[in-house]
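These are the residues of each chain, in order.
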Amino acid sequence: MSWDAGLNPAIAAACAAATDASRWETMLEALCERFGATAAAIHTPRGAPAGKPLFVDIGLPKHTVPDYIDYWSQRDPWFAGAATKEICVRTGECGIGRELCEWSELERMDYYHEFAAPTGVHGLLAMIVDDGSRPAQAPLTAIGLYRRPGLEEFSYQDKRAFEAVHKPLQLALHAHWSLVRSTPVEKATADAFDVVPKPLVVLAATGAILHANVAAAALLSRSDWIGIRNGKLARLGQLGPEAVEASLREVARGLIQTHVLWTPETARPSAPAIARLVPLDEGNACRLAWPHAVALLMVEEPPEREASDRRLEALAQQYRLTPSELQLVVQLSEGARPAQVAERCGISINTVRTHLRNIFDKTGVRRQSELIRLLGPLALSGR
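Note that the coordinates shown come from a computational prediction; the quantities given were computed from them, not determined experimentally. (Residues numbered from 1 in each chain as written. Predicted model: local features only at pLDDT ≥ 70, side-chain atom pairs only at ≥ 80, totals over all residues. Heavy atoms only, no water.)

S.K.: I keep staring at the packing of aromatic side chains and nothing clicks. Help me out?
M.R.: Aromatic rings considered in pairs are described by the distance between their centres and by the relative angle of their planes. On inspection of all chains with the given rule, the structure shows 1 aromatic pair. For the pair Phe35 and Phe162, a centre-to-centre distance of 5.2 Å together with 65° between the ring planes defines the contact as edge-to-face. Taken as a pair, Phe35 in helix H2 (residues 21-35) and Phe162 in helix H8 (residues 156-163) lie far apart in primary sequence, 127 residues in all. Using a relative accessible area of 0% as the deciding quantity, one classes Phe162 as buried. Directly above the aromatic system of Phe154 lies the positively charged group of Arg147, at a separation of 4.0 Å from the ring centroid. (Phe/Tyr/Trp six-rings, centres within 6.5 Å; stacked < 30°, edge-to-face > 60°. Helix = DSSP H or I, 4+ residues; strand = E, 2+ residues; numbered from the N terminus. Buried < 20%, exposed > 50% of the residue type's maximum accessible area, 1.4 Å probe, protein only. Lys NZ or Arg CZ within 6 Å of the ring centre and 35° of its normal.)

What follows is the structure, encoded as structure tokens:
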């Protein structure tokens with residue numbers, strides 16, 4: 001199952017600036033919108049470096065958060081039930097509240113009376129983003145989506161759909177901990193990379209992604225030129241895992257590798273993307289920041305794609321459009337009707353209408369036709 005394309009911009013933002021709480025909040029908002037949740041949180045219940053736990057939430061009463069971090073996170077009966085039943089305990093696994101701990105049983109616990117009920121938490125959809133089995137990459141980390149009492153509980157279909165977004169979420173999480181643990185040299189190098197407009201990815205000999213700059217994070221979120229599996233580079237355009245591994249072996253020998261990229265959909269376009277794998281010798285500044293780095297992947301996209309991406313970025317900044325609003329504008333400019341956008345993105349028509357009203361307010365127009373004339377053509381092939 002492929003992951004939900006409607007979440008791409010939010011997860012890319014988390015990858016691009018993973019230590020920024022606002023980027024995590026944007027991602028959680030997108031998840032809430034996609035799954036009909038009224039609150040969400042990502043947190044590290046144990047194993048985080050001293051003084052640096054990750055806890056970001058939206059929709060939870062602020063006065064309840066410190067109590068959860070300090071006390072209830074270690075006594076959460078849903079997670080206790082998950083451990084007992086061996087459900088939602090390994091990386092990528094999801095669970096819904098009633099299969100982890102029956103609601104009738106939960107209502108008899110102090111957790112319910114002192115935390116869940118006052119917080120307005122009823123339904124739960126949980127995911128283990130990382131089980132902490134490789135602490136150098138990330139500690140045990142979970143995401144929980146919640147619904148208020150009175151709403152339908154999450155379904156098994158929701159659970160399957162949630163599992164499909166695990167990989168990009170784990171990539172964002174690993175980027176977060178990579179930056180948190182970085183030395184001043186690494187942070188300075190990462191900052192320097194992030195201002196470069198071209199996609200840059202720092203790779204280990206295994207193909208593991210050690211850092212992706214802002215442009216690369218956006219590229220990874222689309223998954224057209226680059227494929228990722230378990231945090232490693234697994235595909236470059238038409239090149240599969242074996243070809244990628246062979247190129248990395250050549251780079252480790254000090255040889256630059258250049259590949260002309262295409263995808264099955266583009267069928268060798270006249271203006272293909274170009275990928276270059278450049279060796280990083282021991283004296284390179286990247287090696288000071290990331291000791292295991294062996295290669296720098298640089299991707300040059302077709303000029304028309306680059307121009308379109310720059311125009312979208314400029315429009316988003318000019319009118320303060322959120323990723324969801326920008327996606328709606330693009331699809332409307334391509335001729336889609338609001339109902340079609342709702343179906344494609346897996347959201348309600350009311351959510352689409354809310355986005356459209358917000359866009360009208362930000363741009364100062366009152367009709368969809370005026371919006372299209374104001375922004376001009378935004379159709380992006382393959383996006």
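S.K.: Looking at this structure, I do not really get the sheet that holds strand E3 (residues 94-96). What am I missing?
M.R.: Hydrogen bonds between backbone atoms are what pair the strands of a sheet, whose relative direction is either parallel or antiparallel. Taken together, the 5 strands give an open sheet; going across it, the order is E2-E1-E5-E4-E3, and neighbouring strands pair in antiparallel fashion. Both outer strands of the open sheet, strand E2 (55-58) and E3, are each paired with one neighbouring strand and no more. Adjacent strand axes in the sheet meet at a mean angle of 20° when their direction is disregarded. Alignment of strand E4 (residues 123-130) against strand E5 (residues 140-147), held across 7 bridges, turns out to be antiparallel. Bridge pairing in E5 places Asp130 opposite Thr141. (Pairing = 2+ DSSP bridges. Axes fitted to C-alpha atoms, helices over the stretch in contact; angles between N-to-C directions.)

S.K.: Would you explain the side chain of Asp130 in this entry?
M.R.: Topologically, Asp130 is positioned in strand E4. There is no salt bridge for the buried Asp130, and the closest opposite charge comes from Arg134, which lies 7.8 Å off by N-O distance. Side-chain polar atoms of Asp130 contact the side chain of Gln170, separated by 3.1 Å. When neighbours within four sequence positions are excluded, Asp130 is seen to be in contact with Thr91, Ala138, Pro139, Leu140, Thr141, Gln170, Leu173 and His174. (Lys, Arg positive; Asp, Glu negative; His and termini not counted. Salt bridge = Lys/Arg side-chain N within 4 Å of Asp/Glu carboxyl O. Polar contact = N/O pair within 3.5 Å; in protein donor to acceptor, adjacent residues only side chain to side chain. Contact = heavy atoms within 4.5 Å.)

S.K.: Can you walk me through the confidence of the model for the protein in this structure?
M.R.: Should pLDDT be low for a region, the predicted coordinates there are not to be read in detail. Per-residue pLDDT for the protein averages 78, and the proportion of residues at 70 or more is 80%. In the model, residues 13-19 has pLDDT below 50 throughout and makes 23 contacts with residues more than four positions away in sequence or in other chains. Note on residues 379-383: pLDDT is under 50 here. Beyond four places in sequence and across chains, it has 11 contacts. (pLDDT = per-residue confidence, 0-100.)

S.K.: Explain the sheet that holds strand E11 (residues 273-279) here, please?
M.R.: Spatial strand order, E7-E6-E12-E11-E10: 5 strands in an open sheet with antiparallel pairing. Strands at the two margins of the open sheet, each flanked by one partner only, are strand E7 (209-212) and strand E10 (257-261). Strand-to-strand, the axes of this sheet are offset by a mean angle of 20°, without reference to chain direction. In this fold helix H12 (residues 241-252) packs onto strand E6 (200-204), E10, E11 and strand E12 (293-300), with an angle of close to 40° to the strand it touches most, E11.

S.K.: Would you mind going over helix H15 (residues 323-333) with me for this structure?
M.R.: An α-helical turn contains 3.6 residues, so any two residues separated by three or four positions project in the same direction. A large share of H15 lies buried, amounting to 8 of its 11 residues. Backbone geometry just downstream of H15 places Gly335 in the positive-phi region, at approximately 100°.

S.K.: Any chance you could explain unusual backbone geometry here in plain terms?
M.R.: A positive phi is found at Cys88, a non-glycine position, where the angle reads about 60°. Despite not being glycine, Arg320 shows a phi value in the positive range, around 55°. Take Arg320: it is sitting in the loop between helix H14 (303-319) and H15.

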